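Structure assessment
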Amino acid sequence: MRIARFSIDGNVAFGVVEGDAATEGGPVLDIIKGHPFAAFERSGRKVPLSKVRLLPPVLPNKVVAIGRNYAEHAAELGNEALDEQGRPVAPVTFLKPSTAVIGPGDPIAYPSFSQEVHHEAELAVVIGRMCREVPRERVKDVVLGYTCANDITARDVQRSENQWARAKGFDTSCPLGPWVETELDPSDLGIMCTVNGEQRQLGRTGDMIRSIEDLIVHITEAMTLLPGDVVLTGTPAGVGPLNVGDEVAVTIEGIGTLTNKVIKRG
């Protein structure tokens, strides 16, 4: 089930996406009663997807992100993801604030304090219920679904500052969307990033060093996750620069495509 958050005529709602581009008349949204973090009913009131503005699929209290979860990406930036015995090192964990989140089609504002902004295509996990100290066998119970994410990073700032808060937490640095897919096996999905139609990243979630189960266990040992919170699971190799005017798209198998354009920060 694909659940989108959208606005129409000044109102914000959630809806179940039905159909696709090949469907006669295009996909439609069946507006739901309530929100997707509890039992809900479809209203039967449907609107064409082309008539609404898609919003970020959730408004997270926090975005918890994992760095260096793909060995080839860690290596391309001169970092090690495995120790001398070939065992995974402790995952790098950081936060992106809610103010970093934007939706499909929203502009990425190039930060004035950086000269080197990179794309990072990632699978995002959307939390469906409040949870802490989640045992591995219960992880699926706390996940609502999955969406596409782009962990936009001011790479020069990341290198120069010990903390990553500014480098990865600036406004518009966390595009999410286009919707949440609730019925998906995330263990081996294709991830692709294109810039102006040119492929930059191509990988699979099966190459993650730590699985989604490992990550949720690790994070919830330290903090409570709330409904709508988002976990970014790391990016495959191939990250690279973005410039003002570029259109960047993240496509994940079984979910869809998240597209945003880079603009000059006003």
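Note that the structure is predicted; figures quoted are calculated from it, not measured. (Residues numbered from 1 in each chain as written. Predicted model: local features only at pLDDT ≥ 70, side-chain atom pairs only at ≥ 80, totals over all residues. Heavy atoms only, no water.)

A few points about the side chain of E122
Here E122 is to be found in strand β11 (residues 121-127). Despite its burial, E122 pairs with no opposite charge, the nearest such side chain being K168 at 5.5 Å. A distance of 3.5 Å separates a polar side-chain atom of E122 from the backbone nitrogen of T233. Residues contacting E122, with those up to four places away along its chain left out, are I66, T147, C148, A149, D151, L232, T233, G234, T235, V250 and I252. (Helix = DSSP H or I, 4+ residues; strand = E, 2+ residues; numbered from the N terminus. Buried < 20%, exposed > 50% of the residue type's maximum accessible area, 1.4 Å probe, protein only. Lys, Arg positive; Asp, Glu negative; His and termini not counted. Salt bridge = Lys/Arg side-chain N within 4 Å of Asp/Glu carboxyl O. Polar contact = N/O pair within 3.5 Å; in protein donor to acceptor, adjacent residues only side chain to side chain. Contact = heavy atoms within 4.5 Å.)

Re the environment of G234
Assignment of secondary structure puts G234 in the loop between β17 (230-232) and β18 (240-242). In this structure, G234 is in contact with I66, N69, Y70, A121 and E122, ignoring residues within four places of it in sequence.

Re the side chain of R155
Its location among the elements puts R155 in helix α3 (residues 155-160). R155 sits in the buried class, given a relative accessible area of 3%. There is a polar contact of 2.8 Å between the side chain of R155 and the side chain of E120.

With respect to the packing of aromatic side chains
Within this structure, the stated rule accounts for two aromatic pairs. For the ring pair F113 and F170, a centre distance of 6.1 Å and an interplane angle of 85° mean the geometry is edge-to-face. One end of the pair, F113, is in the loop between β9 (108-110) and β10 (117-119); the other, F170, is in the loop between α4 (165-169) and β14 (174-181), and 57 residues separate them in sequence. Residue classification places F113 among the partly exposed residues on the basis of a relative accessible area of 29%. Classification of F170 as buried rests on a relative accessible area of 6%. A cation over a ring is seen here: R2 above W179, with NZ or CZ 5.3 Å from the ring centre. The ring centre of F113 lies 4.6 Å from the NZ or CZ of R166, which sits over that ring. (Phe/Tyr/Trp six-rings, centres within 6.5 Å; stacked < 30°, edge-to-face > 60°. Lys NZ or Arg CZ within 6 Å of the ring centre and 35° of its normal.)

What about the nonpolar core?
Counting 52 residues, the largest nonpolar core has F6, L29, L123, I216 and I252 as its most contacted members. In this structure, F94, A100, V230 and L232 belong to the second largest nonpolar core, which totals 16 residues. (Core = buried A, V, L, I, M, F, W, Y, C linked by side-chain atoms within 4.5 Å.)

Details of the sheet that holds β9
For sheets, the rule is that strands pair by backbone hydrogen bonds, running either parallel or antiparallel. In space, the five strands of this open sheet follow the order β9-β20-β19-β15-β16, with mixed pairing throughout. With partners counted over all chains shown, the strands left at the sheet margins are β9 and β16 (198-204), one partner each. Neighbouring strand axes in the sheet, compared pairwise and without regard to direction, differ in orientation by 20° on average. Looking at chain direction, β9 and strand β20 (residues 256-264) are connected through three bridges and run parallel. When the bridges of β20 are listed, Y110 appears paired with K264. (Pairing = 2+ DSSP bridges. Axes fitted to C-alpha atoms, helices over the stretch in contact; angles between N-to-C directions.)

Keep in mind these numbers describe shape, not what the thing actually does.
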